[in-house]
Amino acid sequence: MADKVSKTSNEPFLSQAQQHRNLADHTRQMLSQYLVHHNNFIEEIQSSHMASGLQPYLDWWESFHTSLLNHADLHEQMAAHLEDTVSGFDEVDNNTAQTFNTETGPS
């Protein structure tokens, strides 16, 4: 009795999902590491004569930082969607195989 009808491997989907998770993790890790240096830089600027020109940069940084975090989140969501696709397809494929085996009898 066949347990699958059409799909033979989950590997391409799961491999792609892992790549998306790796990208999300890497982006978050790099941001976290950068923030240490960034915060030190901002503290130095705020205590200098250049503090008055800092606000446009801070506004830009906040927007950029948020965009990078959103980008990491999108990679995480894509990984989850790929995994859900594999699960959903496996379920449909198994149900189709069971229906086929029931209608045609044992192999």
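In case you missed it, the structure is sitting above this.
What counts and what doesn't
- Residue indices begin from 1 for each chain and proceed along its sequence in written order.
- Owing to the predicted nature of the model, reporting of local features is limited to residues with pLDDT of at least 70; listing and counting of side-chain atom pairs is limited to 80 or more, with chain, interface and lining totals taken over all residues.
- Hydrogens are left out, water is left out, and the side-chain values use all remaining heavy atoms of the structure.
- Runs of H or I in DSSP of at least four residues are treated as helices and runs of E of at least two as strands, each being numbered from the N terminus.
- Using a 1.4 Å probe on the protein chains alone, a residue whose accessible area is under 20% of its type maximum counts as buried, one over 50% counts as exposed, and one in between counts as partly exposed.
- Contacts are assigned to residue pairs with any non-hydrogen atoms lying within 4.5 Å of each other.
- In this description, accessible areas are obtained by the Shrake-Rupley approach with a 1.4 Å probe, and a residue is regarded as covered only by the protein chains that are shown.
- A side-chain nitrogen of Lys or Arg and a carboxyl oxygen of Asp or Glu constitute a salt bridge if their distance falls within 4 Å.

1. As for the overall build of the chain
And then number 1: In terms of helices and strands, the chain carries two helices and zero strands.
And then number 2: Buried residues in the chain amount to 20% of all 107 residues.
And then number 3: Relative to all contacts within the chain whose residues are 6 or more apart in sequence, the contacts with residues 24 or more apart total 83%.
And then number 4: Accessible area of the chain: about 7,700 Å², with a carbon and sulfur share of 57%.

2. Topic: the environment of A24
And then number 1: By the secondary structure assignment, A24 is in helix 1 (residues 11-46).
And then number 2: Residues A24 and Q77, 53 residues apart in the sequence, show an inter-C-alpha distance of 9.5 Å.
And then number 3: Contacts of A24, omitting those with residues within four sequence positions, involve A72, H75 and E76.

3. Some remarks on the environment of Y34
And then number 1: Within the secondary structure, Y34 sits in helix 1.
And then number 2: With residues up to four places along the chain from it excluded, the contact list for Y34 reads Y57 and W61.

4. Overview of the pattern of salt bridges
Pairs may arise between side chains of opposite charge once their charged atoms sit close together.
And then number 1: One pass over the full model with this rule turns up four salt bridges.
And then number 2: Salt-bridge contacts for E83 lead to R21; the nearest nitrogen and oxygen are separated by 2.5 Å. With E83 in helix 2 (residues 55-104) and R21 in helix 1, this residue pair connects regions lying 62 residues apart in the sequence.
And then number 3: E83 sits in the partly exposed class, given a relative accessible area of 28%.
And then number 4: Between R28 and E76 there is a salt bridge; the shortest N-O distance is 3.7 Å. With R28 in helix 1 and E76 in helix 2, the pair connects residues that are 48 residues apart, well separated along the chain.
And then number 5: Relative accessible area serves as the criterion here: at 28%, R28 is assigned to the partly exposed category.
And then number 6: Here the salt bridges share partners, and the residues they tie into one network are R21, R28, D73, E76 and E83.

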